[in-house]
Amino acid sequence: MPFNPDKFILSSEKGIKSAVGKEKAIIALSGGVDSFVAAALCAKSGINLQAVFVDTGCMRKDEAKKVKAAADEVGVHLKIVNAEEQFLSALAGVDEPERKRKIIGELFIRVFEKEAKESGATFLVQGTIAPDWIESGGHGRDTIKSHHNVGGLPAKMGLTLCEPLRELYKHEVRIAGKSLGLPRYVYERQPFPGPGLAVRVVGEITKEKLAIVREACDIAENEIDRASAEGKMEKPWQYFAALLPSKTVGVKGDERSYKFTIVLRAVKSLDGMTANFSHIPPEVLQVISTRITNEIREVGRVVYDITNKPPATIELE
Ligand code: XMP
């Protein structure tokens, strides 16, 4: 049966209202389409909602500013919490992907519990969608990777979960967002992983590596957006840059250089469960590679990931 957004919105509104009642709810508004649609649904249902954006230090360029502007536009009251130092010190020296995800997930919840306590909220609204819990395993399924809002949850949480998008796939969330009247740039926004740039820095995270991958992601996104708008290529479902932990040798002028490698990843997908790598025209690849190596001093090489999912996942961790 095709997805019916109006029916979904109506039944979600009712569900949220009857679950939360007169209690207060808090939502993690990360800036992605999932949390925005969840927040908009909650706002529409008329519950008492406090939206919080946690800046983990692993967010995209200017993300806090952009999310605030978009939240204001749809009438969602947003508080920004700067927790960068907390996250980076908890992640220091950790290079194992699943441990990184668990640490981020738990810290995320702890930060929220503190915010919830201060605000008096008893419910935690999350934009969890179907692939998040399917891939997180359990009930006879293998764990492919723990999505931060599922596998990372501590067993004893002081808040009751409310996940209105749990049965939806990404394309359905976008349709619901459009029906809810969200701005196009919000409901068409490409997916972004809950743990953020932390899973785009392969291995141990440092502030320096995060800054590199943030800049590289911004360049890749802007150039692919531009090329798609100019009709040079089809817009991929998701497109970004990731940083490899090892350095490689190069030359700059007459001098030997020894710098980081950036991986360019762009995929076509319907729901993120499977994906094919996107064909980026060589001239667009050239612009991205030149800009990244020219504008980011610490990067000496750019490679293009041509792996499908499976066998690879979309993110590198
Ligand atoms: P993978 O890397 O598993 O990604 O092929 C599938 C889709 O999910 C996104 N992703 C996440 N989303 N929490 C999320 O909300 C997470 O922990 C997470 N990890 C990956 C990824 O960006 C892709 O769109």
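The text that follows walks through the structure, step by step, so that each part is easy to find. (Residues numbered from 1 in each chain as written. Predicted model: local features only at pLDDT ≥ 70, side-chain atom pairs only at ≥ 80, totals over all residues. Heavy atoms only, no water.)

**A look at the environment of Val 299**
- Structurally, Val 299 can be placed in strand 9 (residues 299-304).
- Here Val 299 falls in the buried class, since its relative accessible area comes to 2%.
- Along the backbone, Val 299 and Tyr 185 are 114 residues apart, and their C-alpha atoms lie at a distance of 30 Å. (Helix = DSSP H or I, 4+ residues; strand = E, 2+ residues; numbered from the N terminus. Buried < 20%, exposed > 50% of the residue type's maximum accessible area, 1.4 Å probe, protein only.)

**Re the pattern of salt bridges**
- Scanning the model with the defined rule gives 23 salt bridges in all.
- Taking the shortest distance from any N to any O, the salt bridge between Glu 85 and Lys 207 comes out at 3.5 Å. Here Glu 85, found in helix 4 (residues 84-91), pairs with Lys 207, found in helix 9 (residues 207-229); they are 122 residues apart in sequence, far enough to count as distant.
- One salt-bridge network, in which partners are shared between bridges, spans Glu 223, Arg 226, Arg 291 and Glu 295. (Salt bridge = Lys/Arg side-chain N within 4 Å of Asp/Glu carboxyl O.)

**Some remarks on the nonpolar core**
- Phe 87, Phe 112, Ile 262 and Ile 292 are the most contacted members of the largest nonpolar core, which has 55 residues in total.
- Considering each element in turn, this core owes the most residues, 9 residues, to helix 9.
- With residues near it in sequence (within four places) discarded, Ile 292 still touches Ala 216, Ile 219, Ile 262, Val 299 and Val 302.
- One finds Ile 9, Ala 51, Val 76 and Val 125 within the second-largest nonpolar core, a separate group that totals 38 residues. (Core = buried A, V, L, I, M, F, W, Y, C linked by side-chain atoms within 4.5 Å. Contact = heavy atoms within 4.5 Å.)

**Concerning the pairing of strand 1 (residues 24-28)**
- A large share of strand 1 lies buried, amounting to 4 of its 5 residues.
- The pairing of strand 1 with strand 2 (residues 48-55) spans 5 bridges and is classified as parallel. By the bridge assignment for strand 2, Ala 28 is matched with Val 52.
- In terms of handedness, the path from strand 1 via helix 2 (residues 33-45) over to strand 2 forms a crossover that is right-handed. (Pairing = 2+ DSSP bridges. Right-handed = clockwise from strand over helix to strand, strands pointing away.)

**Re the packing of helix 9 against helix 10 (residues 282-295)**
- Running from N to C, helix 9 and helix 10 cross one another at 150 degrees; their axes reach a closest spacing of 10 Å. Overall, the two elements helix 9 and helix 10 adopt an arrangement that is roughly antiparallel. Here the hand of the crossing between helix 9 and helix 10 comes out right-handed. Residues Ala 216, Ile 219, Ala 220, Glu 223, Ile 224, Arg 226 and Ala 227 of helix 9 pack against Val 284, Val 287, Ile 288, Arg 291, Ile 292 and Glu 295 of helix 10.
- A class-by-class count of the residues in the contact of helix 9 with helix 10 yields 9 nonpolar, no polar and 4 charged. (Axes fitted to C-alpha atoms, helices over the stretch in contact; angles between N-to-C directions. Parallel < 35°, antiparallel > 145°, perpendicular 65-115°, else oblique. Left-handed = near helix turned anticlockwise from the far one by under 90°. Nonpolar A, V, L, I, M, F, W, Y, C, P; charged D, E, K, R; others polar.)

Note that every value here comes from positions in space, so none of it alone points to a role or purpose.
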